[in-house]
Protein chains: 2
Amino acid sequence: MTKPLIQIALDQTSLAPAIDVAHNVQGFVDVIEVGTILAFAEGMNAVRTLRHNHPNHILVCDMKTTDGGAILARMAFEAGANWITVSAAAHIATITACKKVADEFGGEIQIEIYGRWTMEDAQAWVDLGIKQAIYHRSRDAELAGVSWTDADIAKMRELSDMGIELSITGGIVPEDIHLFEGIQAKTFIAGRALAGDKGAEVAAALRAQIDRYWNE
Amino acid sequence: MTKPLIQIALDQTSLAPAIDVAHNVQGFVDVIEVGTILAFAEGMNAVRTLRHNHPNHILVCDMKTTDGGAILARMAFEAGANWITVSAAAHIATITACKKVADEFGGEIQIEIYGRWTMEDAQAWVDLGIKQAIYHRSRDAELAGVSWTDADIAKMRELSDMGIELSITGGIVPEDIHLFEGIQAKTFIAGRALAGDKGAEVAAALRAQIDRYWNE
């Protein structure tokens, strides 16, 4: 199983501080994400700028695409994104349109799991050739201050067993990494934890746990 | 029942042509929408610019907000939006956060109906004080070239009877307006049909039908 990558989510409301954070973390993250907030704040200029500044990082544009898939996907890939996110709530025709454009650019799409969805939906994504999805910790659980639920982990294992690589997000801390052992984890996503003064330490601690549990 | 308004969706991939279209249609539309495509292309500058150019129009920012609700809502309302869209797939906590910020700005949120949803979800939106939702014609139907389905109309009537004002979109033509008689229609949304050379005629034809069926 390939080793999970570390992804920083840039969710600043303007480009300048996002540029600074990306510069500070580039040495210890593999994936840089233009978060939905930053993308809506600054438009595709945010993607173009970060692509220019970080030519060798995987760049994600978190559009949570729900409609207008072909046009949105083309905008993001032309701006330099490698991956874009598409909402699980999008019509299968929208997901198909995004996948087609992604293939044209050699990019990938990630299904961002929100709302009501079923394993039949997930099978339809796999049947389209989708290889990635993003799994958020249950917000109810997060708000209630509890950790990942058994239900979360069970669903993640089922998706992983279907062949979907998962990017995992929602207050990720090194102490939680062991929970995901055996899951095809594509990336672990964090924002503030990696952006702060202790970012390098947090990244190192995440990698130590990743090396411990994904060591084949 | 208040008369439905006419809304233009600006989905250009850059600001300059969107500014031109808005200028051309301002005389015969009530609501100007910064579509998701335009918002992701140009960021909140698109909202600020259209607010400046059209101070007296209702301005919508179609973010299809799915997460990060408080920050996204604040960005859009601060940029001058009157209404923002929130995805039906968003967690109720996200919808609540958007509603709170909308109330602070005297704005409104519109639930954009995508994905799997239930009338229980709709009741939860109403319980939050949400007054608006956006109903899209079944994309399957649209792709198949068929008109609005009885199932669409039945769901719209049920939502309307719950007290939700609906903005209706999906290849809207004057000949279809009668289908929505008796529904609390907030706006009818069109893009290309209003942006084209015949835009004024299309708007007039839509208004004639609206006056015919919403005449109390």
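Residues numbered from 1 in each chain as written. Chains lettered and ligands numbered in written order. Predicted model: local features only at pLDDT ≥ 70, side-chain atom pairs only at ≥ 80, totals over all residues. Heavy atoms only, no water.

Draft legend 1. The packing of aromatic side chains, seen in detail. Summed over the entire model, instances satisfying the criterion amount to 11 aromatic pairs over all chains. On the numbers, 6.2 Å between centres and 25° between planes, the contact of Trp117 of chain B with Trp125 of chain B is stacked. Site record: aromatic cluster; members linked through ring pairs are Trp148, Phe180, Phe188 and Trp214 of chain A. (Phe/Tyr/Trp six-rings, centres within 6.5 Å; stacked < 30°, edge-to-face > 60°.)

Draft legend 2. Fine view of the relation of the copies chain B and chain A. In the superposition of chain B on chain A (RMSD 0.0 Å, axial shift 0.0 Å), the rotation amounts to 180°. On this basis, the relationship between the two copies can be described by a two-fold rotation axis. Identified as the residue of chain B closest to the rotation axis by C-alpha distance is Gly43 of chain B, at 2.0 Å. A shared binding surface is used by both copies, with 100% of the interface residues of chain B retained as interface residues in chain A. (Least-squares fit on C-alpha atoms with pLDDT ≥ 70 in both. Contact = heavy atoms within 4.5 Å.)

Draft legend 3. Region of interest: helix H10 (residues 199–213) of chain B. Residues and elements named next belong to chain B. Over its 15 residues, H10 extends 21 Å from the first C-alpha to the last, a length consistent with the 21 Å expected when each residue adds 1.5 Å. Taken residue by residue, H10 has Gly199, Ala203, Leu206, Gln209, Ile210 and Tyr213 as its buried positions. Projected onto a plane normal to the axis of H10, the buried residues spread over an arc of 125° and lie on a single side. Relative to its buried face, H10 has exposed residues pointing more than 90 degrees away, namely Glu201 and Arg212. Contact partners of the buried residues in H10: strand S1 (5–10), strand S8 (185–190) and helix H9 (192–195). (Helix = DSSP H or I, 4+ residues; strand = E, 2+ residues; numbered from the N terminus. Expected span 1.5 Å × (residues − 1). Buried < 20%, exposed > 50% of the residue type's maximum accessible area, 1.4 Å probe, protein only. Arc of directions from axis to C-beta.)

Draft legend 4. Structural view of the sheet that holds strand S2 (residues 31–34) of chain A. All names here are of chain A. Taken together, 8 strands build a closed barrel; the order of strands is S1-S2-S3-S4-S5-S6-S7-S8 and the barrel is parallel. Averaged over all pairs of adjacent strands, the angle between their axes in this sheet comes to 30°, without regard to strand direction. Two elements, strand S7 (residues 165–169) and strand S8 (residues 185–190), share 4 bridges in a ladder whose sense is parallel. Each bridged residue has a counterpart across the sheet, and for Leu166 the counterpart in S8 is Ala185. Strand contacts of helix H3 (residues 44–53): strand S1 (5–10), S2 and strand S3 (58–65), with the helix running at about 165° to S3, the strand carrying the most contacts. (Pairing = 2+ DSSP bridges. Axes fitted to C-alpha atoms, helices over the stretch in contact; angles between N-to-C directions.)

Draft legend 5. Here's a closer look at the interface of chain B and chain A. Between chain B and chain A, the contact holds 30 residues from the first and 30 residues from the second. Summing both sides of the interface, chain B and chain A together bury roughly 2700 Å²; the carbon and sulfur share of this comes to 67%. At the boundary of chain B and chain A, one finds 2 salt bridges. Mapped onto the side of chain B that touches chain A, the elements with two or more residues apiece are helix H2 (36–42), strand S3 (58–65), helix H4 (69–79), helix H5 (92–105) and helix H7 (139–143) of chain B. (Buried area = accessible area lost by both parts, 1.4 Å probe. Salt bridge = Lys/Arg side-chain N within 4 Å of Asp/Glu carboxyl O.)

Draft legend 6. Layout of the pattern of salt bridges. All names here are of chain A. Counting across every chain of the model gives 16 salt bridges over all chains. One salt bridge connects Lys64 with Asp62, and the closest N-O pair in it is separated by 2.7 Å. Residue classification places Lys64 among the buried residues on the basis of a relative accessible area of 10%. Several salt bridges share partner residues, and in doing so they unite Asp62, Lys64 and Glu112 into one network.

Draft legend 7. The arrangement of the packing of helix H1 (residues 15–25) of chain B against helix H3 (residues 44–53) of chain B in detail. Residues and elements named next belong to chain B. One way to put it is that H1 packs onto H3 with a least axis distance of 11 Å and a crossing angle of 25°. Classified by the angle between their axes, H1 and H3 sit roughly parallel to one another. The way H1 lies across H3 gives a crossing that is right-handed. Contacts between H1 and H3 involve Leu15, Ile19 and Ala22 from the first element and Asn45, Ala46, Thr49, Leu50 and Asn53 from the second. When grouped by side-chain class, the residues that make up the contact of H1 with H3 number 5 nonpolar, 3 polar and no charged. (Parallel < 35°, antiparallel > 145°, perpendicular 65-115°, else oblique. Left-handed = near helix turned anticlockwise from the far one by under 90°. Nonpolar A, V, L, I, M, F, W, Y, C, P; charged D, E, K, R; others polar.)

Draft legend 8. Quick look at the sheet that holds S1 of chain B. All names here are of chain B. Pairing is parallel in the closed barrel, where 8 strands are placed in the order S1-S2-S3-S4-S5-S6-S7-S8. Taken pair by pair, the neighbouring strands of this sheet meet at an average axis angle of 30°, ignoring direction. In this structure, strand S6 (residues 132–136) lies alongside strand S7 (residues 165–169), joined through 5 bridges in parallel fashion. Within the sheet, the bridge partner assigned to Ile134 lies in S7 and is Ser167. Here H5 sits on the sheet in contact with S3, strand S4 (83–87) and strand S5 (108–112), set at roughly 150° to S5.

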